[in-house]
Every structure is written in C-alpha cells, then in structure tokens.
Amino acid sequence: MRTLALIQLTFKESLAKKTFMAFFGISTLVSLLFIFALNLDIVDGAQAYISVFGQEANSLVELDKIVVTIEGAISILLFTGGIFMALFATSNLIPSFLESGTIDLLISKPLSRMQIFMGRFTGAIAIVAFNIFYLIVFTWLIISVKTGIWNFNFLLSGVVIVISFAILYALMAFLGLITSSGAFSLMITYLILFFSPLLLQRDNIYALLSSKFYGYLLDGIYYVLPKTAQLSIMTQNIVNGNPVSSWMPLWSSALFGVGITGISVLIFNRKNF
Amino acid sequence: MLAIETIGLTKYYSRGKIKALQDFNLQVETGKIFSLLGPNGAGKTTLIKLLLGIVMPTRGTASILQQPISDHNIHQQIGYLPENHKFPDFLNPVQVLTYYGKMDGLTADQVKKKIPELLKLVKLEKWEKVKVKKFSKGMLQRLGLAQAMINDPQLLFLDEPTDGIDPVGRREVRDILLELKNKGKTIFLNSHLLSEVERMSDDIAILNNGKLVEQGKLEKFISVERQYHISVDSDDHQLEKICREMDINGNDFNGRFTVMVEDDIQLNRLIDTIRSRQLNILSIIPRKISLEDFFIQVVHDEKGDSR
C-alpha cells in the first residue's frame, strides 16, 4: 500500500509530463490509422476483398504475411522510437526525486530506502509499460478483429520491449543516482543503446585492432552491457513467429539490469541527502 | 519518557573536514515543545536529518520514541516538515495529502476522513482544488504542516515551520502547535524566529559549530535571578526613596522600575514597606531577558572561547 502510493505518484508525475502525453497521442493516432487503413469487404459471410494501406491481399496466406509484417514494423518502431522517447521522458525521474525537499520527505515516511528507490523505479517502468501495451493491445485488437488473424506473438513482443526498456532504465537510474543529472545519464544510456549494434559487429572490428587485448576488451564489454541490437532482432523474430536462436541476449541483459539495480539500491541505502 | 535521545551523535562530511555535528548528547521529553537554536550552519538541520535517517551518522547512537533511528517503522509515529520542502507541483492539496498519507500507511478511507479537517485547520479548504504550483510560500508551509500531521504523529519535526508565513498565520501555526502539545504530542522545532520560539517552547538547546552549547528549560535561561519589575499607583520616585532607605539596588530599566534583591526575605520586606507607605502595588514581575539577547550572548561567548 505504502510503496503502491509511491508508484502511483511516479505514474501521475510521468503523466503530467508532455512527453508521455505525446507518446499517448501518437499511440492513439497509429491505432486509429489502422482502423481506417484496413479495409475488408465481406460477401456472403466470406472475405471478398482485403486491403491494408491500399494494398490488396489475394489470399489468406498473403494476408497473414501482411499482418505479421505490419505488427513486426510496429514492434520495431516501438523498440527504437518508443524506447528512445521513453528514456527521454523518464530521464529526470530519479534526479528530480533526489532533490532536497523531496527525498527528505520520502525518507521520513515509514518506508525502507529500498522500497523508496524501487517504488520510483517501478513507477517509471509502469508508465512506459502502460504506453507500450496501450499501443500494442489497441492495434493488435483492431488488426485481429478486422482480419481474423490473431497473432499472440505480437503481444509477447511488448513484454520484450518493456524488459529492454527496464534494463536500460536500470542503467539510467544508476547514473542518475550517482550524478544527479538527468541529461548526463540519458546521454550515456543512449550511447550504450547505439553502441550495441557496433558490438554485435565486433567480429569485423577484430581485424582492425592492433592487439588481441582490445579484442578481449570488446568481448568483455559485449557480454557485460545490454545487447539491445540483438533484443531488437529477437523482438522481430517473436512477432514473425520465427524461432529464437539464442535467449542469451535476453538473460544476460536482464542480469545486467538486475545487477545494476542491486548496486543502485546499495548506494541509495547509504547515501546522505 | 524520552521522545528523543542521542548519545555521542557525530556527523562529519568530506572525510572529517566538515564537522557538522560533534559528540551530540541530547534528551527530549515527550509532550514538550523543544526548540533547537543556532546560527546558520550550526548543524540544526543535520541533526533532524540524522534522527530521521536522511543522513547516516559517522558515529554515536540515537533513538526516537524508544526505537533506534535505523528502524524506519518508527516513522509511522512521526511527522516531518522539511525546510524548503517540494511537493509535486501538478498535484492539488487533496492529492498531496492523499499520496503522502498513503505512504504513511493510512487507508484510503482514513485519508479521506482526515483531509477536510486538516485543510480546515491550516485554512486551505478553499484551495483544495488548486494545483500547488500556484501556491505562495506561506500556503505551501501550511500544506506542509498539514502533511506532517496527516498520520496523527506522536512526534513532529518542524524545520522553520513559520518561514514565509505572515504574522497572523504565524499566530495560527503557534496555536496549532500549542494545541498539539496539549494533546500530548512532542514537537521538535527548528526556527530562526526567536520570538516565536520564546512564546511556545518548554525546552531549548543551542547549537553552535556542531556542538551543543546550552540545553534546558527556556525559563531557566531567560529569567534573571532576584530581579523584579515593580509598578505602583504612584510615580517611581517613591519607590526609589524606599529602595535607598532599605539599601536595595533599584532603578529604571527600559522604562520599568527594577529592583535587585538579595533574597526572597528582602523582597518580602520591600513589599511590606511599600504597602506600609500606603502605595498600591500593581504588579511584581520577575525580570526576564529576551531569548534573542540570551542567544546572542551565548553565541558571542562561544566565539570568544573558540578564539
């Protein structure tokens, strides 16, 4: 109940920010677009004509492909643009609650420091999850009802996107906690986000390195840091119903998230405000 | 019973370069208004923050309401108004009190019941739907006070509670605090407004450079022993004459005739003599110095000592 109040407060604070309202507005717009873009003609109980964005589907197999492609595109859009926006919108949540006059009041409440930190952390993830699932569930329902193709994997992609955000947010929260700067923590998190595709291509970089040591270093960085590029590929594979070749990027990134959150809690427990 | 007890409480910052609080020993009884005084940077806010677990002690121990300060569950019985507190500016007073009340462990029904009476008490009932970003400093202080009282705490920590509040509002805050004291609550006050402190405190402590300089009953510090202001229904020359005859030091002090007696016997003899001269005594008041005078004297002495 006590921690829930803190989560609710963070949720409300996020909603009060224009970025989340923009996110919400874009999600609604995308969903509405599908309502109008997807046309179905039913003749004698059977689908006589199906078009998506003006493109006619000749068979059910082809329609299935179109639906999966659209849902895949939405999930990738959410993975890149959605996470990018969500990180931007939540970047100041930790530094702002560490400000004098705010944190003192929270610590004076009968909550442990861990509850306070995790309440804030969970609140930020809850608002992003709400936004992501709002778009996914809404568009999924429209597409599924209109086409009759119910691709549950699309819903599952939302889970991977939220987990990916949570991992990156854990890093941003840690940086926000030690620097009290929303801008700095956002910059470093973006750097990690964009560095990930580069690390994925490290096999091609090895040849350019002067020493083997740098190769090992790159490998080390790759295994420790969140593997967002691979998580993005995994998301698309899940939507398309393709088998996931390895879950390593997910569990090792999640491990990074759990580890960095643990360190943040330890620091927060000992910090003077 | 003790509401607060500290033993050797010490807080250093920057690896000991800044000594915010040094070997601080304090005892605050329950049901009292206790005021902590000190110049800026003396360590007053640090002490409150230590007691509430907002900063960690370098060494020493402390307890509030018989529980160690490390136990956050004791905060259920505590209310706190920090100096320069910040409420989320997108909330209105009802929402502020609802969220912070729930964090205190109150149920939705308890909060709903408590909010109207608190808003009425701090005179914000007409502003309940207005977002706090539109509030003046004084209104924010009133809301802060309501927030500190939402859980009906046994112990209230108030850091500069009347900051930004006009004289009428200050009086209202004072009345609220005195009412709380009458209900058996303990109030720990940090204030620069010495006249306010003087009007309502039972006990005070003076802190300077992180050290406890004085602690005790307010009355003890501001009373001047064996000195009395006497007024009669005649001019003061008559009194001067009587004092001369009785070899008592008596003269005008800030427009009031003041005598310095050796003991109670001499005071009673003086009263008898005044009465025997057919003078009506209007009042006999023990002389007091203002808390401000006492405070400045103590802080000055400390500066002298430290040199």
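### Regarding the pattern of salt bridges
Residue and element names in this part refer to chain B. Taken as a whole and judged by the stated rule, the model has 19 salt bridges over all chains. Close ionic contact of Arg142 with Glu172 constitutes a salt bridge, the shortest N to O distance being 3.4 Å. A residue pair is termed long-range when its members are at least 10 positions apart, and Arg142 in helix α4 (residues 137–149) and Glu172 in helix α5 (residues 167–182) qualify at 30 residues. Residue classification places Arg142 among the buried residues on the basis of a relative accessible area of 17%. In this structure, Glu196 and Arg170 form a salt bridge, with 3.4 Å as the shortest nitrogen-oxygen distance. Here the residue Glu196 occupies a position in helix α6 (residues 194–200), and Arg170 occupies one in helix α5, the gap between them amounting to 26 residues. Classification of Glu196 by relative accessible area gives buried; the value is 4%. Via salt bridges that share partners, Arg170, Arg174, Glu196 and Arg199 belong to a single interconnected network.

### Comments concerning the packing of helix α6 (residues 113–147) of chain A against helix α7 (residues 152–179) of chain A
All names here are of chain A. Two elements in contact, α6 and α7, have axes separated by 9 Å at closest approach and are oriented at 150 degrees. When the axis of α6 is compared with that of α7, the two are roughly antiparallel. Note on packing geometry: the crossing formed by α6 with α7 is right-handed. Grouping the amino acids of the contact of α6 with α7 by side-chain chemistry returns 23 nonpolar, three polar and no charged.

### Some thoughts on the packing of aromatic side chains
One pass over the full model with this rule turns up 23 aromatic pairs over all chains. Considering the side-chain rings of Phe165(A) and Tyr169(A), the 5.6 Å spacing of their centres and the 20 degrees angle between planes classify their relative orientation as stacked. Placement of both Phe165(A) and Tyr169(A) in helix α7 is noted, with a separation of four residues, approximately one turn of the helix. Judged by centre distance (6.1 Å) and plane angle (85 degrees), the rings of Trp127(B) and Phe135(B) are edge-to-face. Under the relative-accessibility criterion, Trp127(B) is labelled partly exposed at 38%.

### Some remarks on the packing of α7(A) against helix α8 (residues 182–200) of chain A
Residues and elements named next belong to chain A. Two elements in contact, α7 and α8, have axes whose closest approach is 8 Å; the angle formed by their N-to-C orientations is 145 degrees. Judged by the twist between their axes, the crossing of α7 over α8 is right-handed. On α8, the residues that touch Leu168, Leu171, Met172, Leu175, Gly176 and Thr179 of α7 are Phe184, Ser185, Leu186, Ile188, Thr189, Ile192 and Leu193. For the contact of α7 with α8, the class distribution of residues is nine nonpolar, four polar and no charged.

Analysis parameters
Residues numbered from 1 in each chain as written. Chains lettered and ligands numbered in written order. Predicted model: local features only at pLDDT ≥ 70, side-chain atom pairs only at ≥ 80, totals over all residues. Heavy atoms only, no water. Salt bridge = Lys/Arg side-chain N within 4 Å of Asp/Glu carboxyl O. Helix = DSSP H or I, 4+ residues; strand = E, 2+ residues; numbered from the N terminus. Buried < 20%, exposed > 50% of the residue type's maximum accessible area, 1.4 Å probe, protein only. Axes fitted to C-alpha atoms, helices over the stretch in contact; angles between N-to-C directions. Parallel < 35°, antiparallel > 145°, perpendicular 65-115°, else oblique. Left-handed = near helix turned anticlockwise from the far one by under 90°. Nonpolar A, V, L, I, M, F, W, Y, C, P; charged D, E, K, R; others polar. Phe/Tyr/Trp six-rings, centres within 6.5 Å; stacked < 30°, edge-to-face > 60°. Contact = heavy atoms within 4.5 Å.

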